[in-house]
Amino acid sequence: QVQLVESGGGLVQPGGSLRLSCAASGFTFSSYFMSWVRQAPGKGLEWVSEINSGDGSTYYADSVKGRFTISRDNAKNTVYLQMNSLKPEDTAVYYCNARFNVQYWGQGTQVTVSS
């Protein structure tokens, strides 16, 4: 069955870094656009970043541009989100999303940025 399993979240101080991973299975990973979407406490979903399935072009929300980097390893069926210079406003549950003819979602991983 289809699975997207996020990992790498945790508690980090402002200015710190985390690397999120999303391991995919049950579908043709290399054909799918992969995204990270987050939800802060009491707020709606916010799209963070996307990497396409073709040339690997990447896209970022203005709020994370220059601090976050999305990448993918099609051999490992995994997408990553390197998060640097983290801010308290980056605190959220981060979800992995796969999109092609259908969409799949992971269960989310909590990222807390606090001193």
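Relevant structure appears above.
Values in this document were obtained by computation on a predicted structure and should not be read as measured data.

> Teacher, can you tell me more about the overall build of the protein here?
Each helix and strand in the protein was counted, giving zero helices and eleven strands. Its helices and strands taken in sequence order, the protein reads β-β-β-β-β-β-β-β-β-β-β from the N to the C terminus. Computed over C-alpha atoms, the radius of gyration of the protein comes to 13 Å, within 12% of the 13 Å expected from 2.2 N^0.38 for 115 residues, which places it in the range of a compact globule. Overall size of the protein, expressed as C-alpha extent along the three principal axes, is 40 × 25 × 25 Å. Expressed as a percentage of the 115 residues in the protein, the buried residues total 43%. Nonlocal contacts in the protein, meaning residues at least 24 apart in sequence, comprise 52% of its contacts between residues at least 6 apart. For the protein, the accessible area works out to roughly 5800 Å², and carbon and sulfur atoms hold 48% of it. Taking the average place of the 9 positive charges on the side chains of the protein and the average place of its 8 negative ones, the gap between the two points comes to 2 Å.

> Would you mind showing me how to read the pairing of strand β5 (residues 45–51) here?
The two faces of the sheet receive side chains in turn, since in a regular strand these alternate between them. When strand β4 (residues 33–39) meets β5, the two strands line up antiparallel, connected through six bridges. Paired with Trp-36 across the strands is Ser-49, a residue of β5. Connecting the antiparallel pair β4 and β5 is a turn made up of five residues, with Gly-42 showing a positive phi of about 75°. One ladder, built from three bridges, connects β5 with strand β6 (residues 58–60); its direction is antiparallel. Each residue of the ladder has a partner; that of Ile-51, found in β6, is Thr-58. In this antiparallel pair of consecutive strands, β5 and β6, the connection spans six residues, and Gly-56 shows a positive phi of 75°.

> How should I be thinking about the environment of Gly-9 in this particular structure?
Take Gly-9: it is sitting in the loop between β1 (3–7) and β2 (10–12). Sequence separation between Gly-9 and Ser-71 is 62 residues; the distance between their C-alpha atoms is 17 Å. Once residues lying within four places of it in the same chain are set aside, the contact partners of Gly-9 are Leu-18, Leu-20, Thr-109, Gln-110 and Val-111.

> Hey, could you run me through the side chain of Asn-97 in this one?
Examined against the element boundaries, Asn-97 turns out to sit in strand β9 (residues 92–99). Residue classification places Asn-97 among the buried positions, given a relative accessible area of 4%. Separated by 3.4 Å, the side chain of Asn-97 and the backbone oxygen of Tyr-104 make a polar contact. Among all residues touching Asn-97, those that are not within four sequence positions of it are Leu-4, Phe-33, Met-34, Ser-35, Gln-103, Tyr-104 and Trp-105.

> It is not clear to me how the side chain of Asp-90 should be interpreted in this structure. Could you clarify?
Here Asp-90 lies in the loop between β8 (78–83) and β9. A polar contact of 2.8 Å, which involves the side chain of Asp-90, links it to the backbone nitrogen of Lys-87. In contact with Asp-90, other than residues within four places in its own chain, are Arg-38, Arg-67, Phe-68, Ser-85, Val-111 and Val-113.

Reading guide: rules and limits
- Residues numbered from 1 in each chain as written.
- Predicted model: local features only at pLDDT ≥ 70, side-chain atom pairs only at ≥ 80, totals over all residues.
- Heavy atoms only, no water.
- Helix = DSSP H or I, 4+ residues; strand = E, 2+ residues; numbered from the N terminus.
- Rg over C-alpha atoms; globule rule 2.2 N^0.38 Å.
- Buried < 20%, exposed > 50% of the residue type's maximum accessible area, 1.4 Å probe, protein only.
- Contact = heavy atoms within 4.5 Å.
- Areas by Shrake-Rupley, 256 points an atom, 1.4 Å probe, with all protein chains shown as cover.
- Lys, Arg positive; Asp, Glu negative; His and termini not counted.
- Charge placed at Lys NZ, Arg CZ, Asp CG, Glu CD.
- Pairing = 2+ DSSP bridges.
- Polar contact = N/O pair within 3.5 Å; in protein donor to acceptor, adjacent residues only side chain to side chain.

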